[in-house]
Amino acid sequence: MTESSASRLLALRCASQAMLDGRDEAALRRQSHPELSPLLWHVGHVFFVEHYWLAERVFGDRSVTDRWRGLYFPEECQKHTRSIRLPDPAAMRTWTDQVAALNDHYWARAAQHPHALLERGYLHAFICQHYAQHLETMRLVVAQLDLADDPTVATLDTPDDVRRERVHIPGHTMQIGSAGIDAYDNEKPAHERTVEAFDVAPGPVSNAEWLGFMRDGGYDRHELWDDDGWRWRCLDRVEHPQHWRPVDDGWQIAWHDSRTPIAEAPVHGIGWYEARAFARYAGARLPAEHEWEAAARSEHLNATGQVWEWCDSAFKPYPGFTAFPYDGYSKPWFDGHHYVTRGSSVHTETEVKRPGFRNFYPPTHRHIFAGVRLAW
Ligand code: AVJ
Ligand code: FE
């Protein structure tokens, strides 16, 4: 482990514990959204997972994991039952400090301990990435907690004339996926793929453009929607992005990057079905994930890195996929009911930012920081 990777782990642990600061216990225990766990659970989970892989799997020490696995392995504890079982914030602070000290003891021994998971720094990279991903999820929780409190009020105008710029990507053969030690199993094996020529928008769809879709009846025109999406839209009464709230003369829109005016900022808080309906409305389509990757690698895209972008692709294994280091990361989600988002958001940590990274969610998830980019 290099000095910089060691200090990065410390920073990620610190950022995770800092989620406990300045929030009352009720907020830390609250399940702010049916798909999200309490902040307090995420903090315990990330330290537990570091300890599980290092202490139990590499060194065979189960003393801590046996006591806590029933709470912190997601498959052993249903989301809505987590809140009441969690320790209080002060106890969580103490426990995570103790677990971190134990982990440091094992990391110090790892250099002299041959183990497949430790080769080429694999486990350290994996653990850092796990902290990084949960930090973004914790920011999703914070966004849900804040929605009620202190959102930005924006009055949006629909643009009269939407000019949709296009960048042409010529047909070519490219490498898709990642071969690096930090790549997840679903990015491997890296392989060649032919990309047909296509056009892509240089940036994601803005809030103002989304308002135009709403004013043109986008949520009410069945012909723009997939049948499944239409059923869901009707049952759940989906009429605007999840992070928008109607107010007297406009919309309250939660957005955490004050450098971009709210009208120009990319829309987020939309699911895959909504992204597809918008694309149809605009006479376009969503990019397939390999097209997205081709465009990102050819450096033709502006403004990536503000919101994740829904792709037209169901989450599927690449040819020759092998689950690693455990079945649960990717395999259960190759179920045809998860779709790929690519890119990153303003809340994404560096460990997760690479052109080959694949995120995946059900088509109805809209509490994530995901928006839409058009392709033709
Ligand atoms: C890939 C973001 C969907 O948050 O459930 C974290 C990542 N896997 N711990 C998730 C993950 C295990 C995963 N996503
Ligand atoms: Fe996790």
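Remember, it's a predicted structure, so these values are computed and weren't measured experimentally. (Residues numbered from 1 in each chain as written. Chains lettered and ligands numbered in written order. Predicted model: local features only at pLDDT ≥ 70, side-chain atom pairs only at ≥ 80, totals over all residues. Heavy atoms only, no water.)

Colleague: Explain the overall build of the protein chain to me, please; I cannot follow it from the model alone.
Modeller: Each helix and strand counted, the protein chain has eleven helices and eleven strands in total. Reported as C-alpha extents along the three principal axes, the dimensions of the protein chain are approximately 65 × 50 × 35 Å. Taking all 376 residues of the protein chain together, the buried fraction comes to 56%. Excluding contacts between residues fewer than 6 apart, the proportion of contacts in the protein chain whose partners are at least 24 apart in sequence is 79%. Taken as a whole, the protein chain presents about 16,700 Å² of accessible surface, with 49% of it coming from carbon and sulfur. (Helix = DSSP H or I, 4+ residues; strand = E, 2+ residues; numbered from the N terminus. Buried < 20%, exposed > 50% of the residue type's maximum accessible area, 1.4 Å probe, protein only. Contact = heavy atoms within 4.5 Å. Areas by Shrake-Rupley, 256 points an atom, 1.4 Å probe, with all protein chains shown as cover.)

Colleague: I tried to follow empty space enclosed by the protein on my own but got confused; where do I start?
Modeller: Taken as a whole and assessed by the stated rule, the structure comprises two cavities of 30 Å³ or more. Estimates place the volume of the largest cavity at around 40 Å³. Lining the largest cavity, in full, are Y122, A125, F126, Q129, I181, D182, A183 and Y184. Here the residues of the lining of the largest cavity are counted per class, giving six nonpolar, one polar and one charged. When residues of the lining of the largest cavity are sorted by domain, at least three fall in each of domain 1 (3–150) and domain 2 (154–371). (1 Å grid on protein atoms, 1.4 Å probe; cavity = no way out; pocket = protein on both sides within 12 Å on 5 of 7 lines; lining within 4 Å. Points joined across faces, edges and corners; volume = space filled by probe spheres on them. Nonpolar A, V, L, I, M, F, W, Y, C, P; charged D, E, K, R; others polar. Domains from an automatic or database assignment.)

Colleague: Mind showing me how you'd approach unusual backbone geometry here?
Modeller: In most cases, non-glycine residues show a negative phi, while peptide bonds are predominantly trans. For the peptide bond that leads from K188 to P189, omega is -5°, which places it in the cis range. Position of P189 relative to the elements: it lies in the loop between strand 3 (172–176) and strand 4 (191–195). Cis rather than trans, the peptide bond between F324 and P325 has omega equal to 0°. Examined against the element boundaries, P325 turns out to sit in the loop between strand 8 (308–314) and strand 9 (339–343). Positive phi is not limited to glycine here, since R120 has a value of about 50°. When you line up the elements, R120 lands in the loop between helix 6 (89–110) and helix 7 (122–147). The backbone of R237 sits at a positive phi, close to 50°, despite the residue not being glycine.

Colleague: Help me out: how do you make sense of helix 8 (residues 207–215) in this one?
Modeller: Because the α-helix completes a turn every 3.6 residues, residues three or four places apart line up on one side. Taking burial as the measure, the nine residues of helix 8 include eight buried ones, the bulk of the element. Within helix 8 the residues assigned to the buried category are N207, A208, E209, W210, L211, G212, F213 and M214. In this structure, the buried side of helix 8 is in contact with strand 6 (244–247), strand 7 (250–253) and helix 10 (272–281). Note on helix 8: the residue one or two positions beyond its end, G217, has a positive phi of about 80°.

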